[in-house]
Amino acid sequence: MLYREEPFVAKNSMFGRFLGYYKPQMHLFVADTICALILAGIDLAFPIILRSLTGGLFTQGQAAIMQSLGAIAIGLVVMYAVRCGCRYFVSAQGHVMGARMESKMREDLFDQYERFSFAYFDSHSSGDMMSRVVNDLFDICEGAHHLPEWLIICGVEVIGAFVILFTISPALSGAMAVVTAVLVVVMVRQNLNMKAVFSDNRKKISEVNSQLQDSLSGIRVVKSFANERTERAKFRHANDRYLDSKVNQYHAMGTYTATYGLMSGVLYFVVIVLGGWLVAQGELSPVDMATFALYISLFCTPIETLVNSTEMFQKALAGFKRMDEVLQTAPDVQDKPGATELRVEEGAIEYRDVCFSYDDCELGDDGQNRVRPVIDHMNLSIRPGETIALVGPSGGGKSTTCSLLPRFYDVQSGSITIDGQDVRDVTQESLRRAIGIVQQDVYLFDGTIRDNISYGRPSASDEDIAAAAQQSNILEFIESLPEGFDTVVGERGSRLSGGQKQRIAIARVFLKNPAILILDEATSALDNESEEAVQESLERLAANRTTIIIAHRLSTIKDADEIATVERGQVVERGTHEELLARGGTYARYYRMQFEGVRAARTE
Ligand code: ADP
């Protein structure tokens, strides 16, 4: 591909870039960490307090207990009030921190997508890009705020509990540690197995979604071919595969949950059997044995959380890698340092020895390209204010020629200039402001007609918008609508006909008022009546602007100032309609073919 994933020269490592997102949230991160530590400390302290209380009952008698009970009660209330506050902070502010990081990452990703040239979008599906913005960022930010707090709370609780138990009975705590280690290994393996099942699950649901989207988007084709049964069968197949995957998921989850239950069971078994034996031997007091039992629950929950965090860590890491890959990709069309504003005084365009290929051209042994470029040493000069029509066989390179002018792609060699300024030396913004494009496939945004017409000049007044609509022959139609310019056009303009959408797109360009115009097969998808209205407004739009037209129907361009035939990426002939007809070359052949085709159709 022409488009290369070239990394920027990264200023720091991927980990450093990840930490960069914590920086603006540092105050929250520090407060969150402190609260997490307090939470862990309080959880650890509870069994110790209970132990000293019950221990005191045996050693100091009831009166002494009664004396200290009040202080303990007050201490507990304070502890639990603090615990409540910390729990609130970790839960609420931790999520706020994650959400802020996610929002910043989403912005960075969107900004980066906006920078890429067409080549990037040619080689990346919108589904993939959406999934990076939605799913990956969710995974990253879940990890970004949960992992540090889990590591702190659970790590402190597990290590703290073990240290406390070790000071009470090294033998019993050693046995517990061995059992726990074995079960943790089993749980981690099961967790990894679940991860594979979850990823299969995601693949299967995305198959269901794309099947659904494909069938619903193409519902008109489905119905016109009476293919509902086939579509239902395809959907059922995808749905059944998803169900199988869900069943596997629940089996894996069930096994994992059972193993987790087994951990606390085995730990209680060890404490009761081994602890009971130690008590019988006089090596452990009954109070200490009860303390061990209390610590089991403090042990198990954080261990399960730590095991789960391995999956969360992997998801967050994979998500960040995918996001970072996008952010570290240098857009292949960029403004040069010191790029100037394009100044269009006359609007003369010059393609000089231009070569371009969508694929990298491999060089053969003779040093020549193995693959013929799509644009092959093209030379074409267009006079200021001239309307030039590009004609030629499909795939000959007409649209590509037009895409190179606003730098949707960059030429690989040669140059394109506007009034003597190389398009690569000026800012993309000023270049694209100077060029208006009307294409066959019109894209309208899901807003009002006013929003769509003023898209290129949001500050335009109502009078200017109405004037643009008038010039593009759509004003009457808009005014006949109950909500006029405030009519919502629906997704991709679904509530309008092809001709209406096209005229709104033309009004949009009228309002932008560019010096140069590209009309890429703008009327080829329209019926005759719409074509006439659109054609008329296009002619008005093209007046006094340098215009390049690509049209299939030669009847629509025979009044162009000049016609150039583009074949295999080169201009093979050029002249007025009459000159080219007289020359009897490719254009004359095309014209005759179309003309005779129409005549034959009329006589049928
Ligand atoms: P025309 O407008 O004359 O029909 P195009 O400029 O659209 O021709 O296409 C010229 C050649 O480039 C064709 O072989 C076409 O398949 C190829 N092509 C066009 N667009 C792309 C693209 N985005 N990626 C790869 N190849 C493309």
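Please read these numbers as outputs of a predicted model, since none were measured by experiment.

Cut-offs applied
Residues numbered from 1 in each chain as written. Predicted model: local features only at pLDDT ≥ 70, side-chain atom pairs only at ≥ 80, totals over all residues. Helix = DSSP H or I, 4+ residues; strand = E, 2+ residues; numbered from the N terminus. Rg over C-alpha atoms; globule rule 2.2 N^0.38 Å. Buried ≥ 20, exposed ≤ 12 C-beta atoms within 10 Å, placed from the backbone. Contact = placed C-beta atoms within 7 Å. Near = placed C-beta within 6 Å. Nonpolar A, V, L, I, M, F, W, Y, C, P; charged D, E, K, R; others polar. Pairing = 2+ DSSP bridges. Axes fitted to C-alpha atoms, helices over the stretch in contact; angles between N-to-C directions. Expected span 1.5 Å × (residues − 1). UniProt positions renumbered as here; feature names shortened; annotations may be inferred. Core = buried A, V, L, I, M, F, W, Y, C linked by C-beta atoms within 7 Å. pLDDT = per-residue confidence, 0-100. Arc of directions from axis to C-beta. Parallel < 35°, antiparallel > 145°, perpendicular 65-115°, else oblique.

Draft legend 1. How the structure looks around the overall build of the protein chain. A count of helical and extended segments in the protein chain gives 18 helices and 10 strands. For the protein chain, the C-alpha radius of gyration of 36 Å lies well beyond 25 Å, the compact-globule estimate for 604 residues. Projecting the C-alpha coordinates of the protein chain onto the three principal axes gives extents of approximately 120 × 65 × 50 Å. For the protein chain, the residues scored as buried account for 28% of the 604 residues in total. Long-range pairs, those at least 24 residues apart, make up 80% of the contacts in the protein chain with a sequence separation of at least 6.

Draft legend 2. Quick look at the site of the ligand. Every residue near the ligand is listed here: D122, Y358, V374, G392, S394, G395, G396, G397, K398, S399 and T400. For the shell around the ligand, the element with the most residues is helix α10 (residues 398–404), which contributes 3 residues. Its residues assigned to classes, the shell around the ligand comprises 2 nonpolar, 7 polar and 2 charged.

Draft legend 3. Seen up close, the sheet that holds strand β1 (residues 349–356). Read across the open sheet, the 4 strands follow the order β2-β1-β4-β5; overall the sheet is antiparallel. The sheet terminates laterally at β2 (375–382) and β5 (421–422), the two strands that pair on one side only. Pairing geometry for strand β4 (residues 413–418) and β5, over 2 bridges, is antiparallel. Bridge pairing in β5 links I418 to Q421.

Draft legend 4. Structural view of unusual backbone geometry. The phi torsion at A226 lies on the positive side, around 50 degrees, for a residue other than glycine. Residue A226 is classed as exposed on the basis of its 8 C-beta neighbours within 10 Å. Residues other than glycine seldom take positive phi values, yet D419 does so here, at roughly 45 degrees. Looking at the secondary structure, you find D419 in the loop between β4 and β5. Look at D419 and you get partly exposed, because 17 C-beta atoms sit within 10 Å.

Draft legend 5. A look at the sheet that holds strand β9 (residues 562–567). Across the sheet, which stays open at both edges, the 6 strands sit in the order β6-β7-β8-β3-β9-β10 with mixed pairing between neighbours. The open sheet has two free edges, formed respectively by β6 (435–439) and β10 (570–575), since each of these has just one partner strand. Each strand axis lies, on average, 20 degrees off the axis of its neighbour in the sheet, ignoring direction. Looking at chain direction, strand β3 (residues 387–391) and β9 are connected through 4 bridges and run parallel. From the neighbouring strand, V391 faces β9, where its bridge partner is T565.

Draft legend 6. Broad picture of helix α8 (residues 228–280). Its 53 residues give α8 an end-to-end C-alpha distance of 76 Å, which sits within 8% of 78 Å, the value for a rise of 1.5 Å per residue. The complete set of buried residues in α8 reads Y242, Y256, M263, L267, V271, G275 and L278. On its buried face, α8 is in contact with α6 (170–217) and α9 (286–327). Among the residues trailing α8, G282 stands out with phi positive, at a value near 80 degrees.

Draft legend 7. Expanded view of the UniProt feature "transmembrane region" (unreviewed entry) in the protein chain. What UniProt calls "transmembrane region" (unreviewed entry) maps, in this numbering, to residues 28–50, 62–82, 174–192 and 260–280. Taken end to end, residues 28–50 is 100% helix and 0% strand, and its two terminal C-alpha atoms sit 33 Å from one another. Helix makes up 100% of residues 174–192 and strand 0%, with an end-to-end C-alpha separation of 27 Å.

Draft legend 8. Just the nonpolar core, in detail. In this structure, A389, I506 and A507 are the most contacted members of the largest nonpolar core, which totals 67 residues. Residue contributions to this core peak at 7 residues, all from helix α15 (residues 498–512). For I506, the contacting residues outside a window of four places in its chain are V438, S472, V534, S537, L538 and L541. Listed in part, the 30 residues of the second largest apolar core include L39, I153, M194 and Y256.

Draft legend 9. Examining the confidence of the model for the protein chain more closely. Summing up the model confidence of the protein chain, the mean pLDDT is 85 and the portion of residues at 70 or higher is 91%. Below a pLDDT of 50 lies the segment residues 1–9, which in the model reaches 22 contacts outside its immediate sequence neighbourhood of four places, other chains included. In this model, residues 600–604 is a region of pLDDT below 50 whose contacts with residues beyond four sequence positions or in other chains number 0 contacts. Overall fold confidence for the complex sits at a pTM of 0.76, while the interface term, ipTM, reaches 0.97.

Draft legend 10. Focus on helix α13 (residues 462–471). Buried within α13 are the following residues: I465, A468 and A469. Looking straight down α13, one finds its buried side chains confined to an arc of 100 degrees; they lie on one side. Contacts from the buried residues of α13 go to α12 (449–453), α14 (475–480) and α15. Trailing α13 by a residue or two, N473 shows a phi angle of about 60 degrees, which is positive.

Draft legend 11. The arrangement of the packing of α6 against α8 in detail. The interhelical angle for the contact between α6 and α8, taken along N-to-C directions, is 170 degrees, at an axis separation of 9 Å. Relative to α8, the element α6 is oriented roughly antiparallel. Residues that form the contact of α6 with α8 fall into these classes: 29 nonpolar, 13 polar and 7 charged.

Draft legend 12. Broad picture of the pairing of β4. Note: β1 against β4, 5 bridges, orientation antiparallel. When the bridges of β4 are listed, C355 appears paired with S413. The loop that links β4 with its antiparallel partner β5 comprises 2 residues; one of these, D419, has a positive phi angle of about 45 degrees.

Draft legend 13. Structural context of the environment of Q440. Tracing the backbone shows Q440 in the loop between β6 and α12. It is 8.4 Å that separates the C-alpha atoms of Q440 and L519, two residues lying 79 residues apart in sequence.

Draft legend 14. Structural view of the environment of Y21. With respect to the secondary-structure elements, Y21 resides in the loop between α1 (14–20) and α2 (26–60). What makes Y21 partly exposed here is the crowd of 19 C-beta atoms within 10 Å. Distance from Y21 to R100, taken between C-alpha atoms, is 9.1 Å for residues 79 residues apart in sequence.

Draft legend 15. Structural detail: the pairing of strand β8 (residues 546–550). Among the 5 residues of β8, 5 are classified as buried, and the element is accordingly described as predominantly covered. Alternating positions in β8 separate into two faces, T546, I548 and I550 on one and T547 and I549 on the other, with burial throughout. Relative to β8, β3 is paired through 4 bridges, and the arrangement is parallel. Within β8, the residue paired with L390 across the bridge is I550. Summarising the sheet, strand β7 (residues 516–520) and β8 pair through 5 bridges and their orientation is parallel. Within the sheet, the bridge partner assigned to I516 lies in β8 and is T546.

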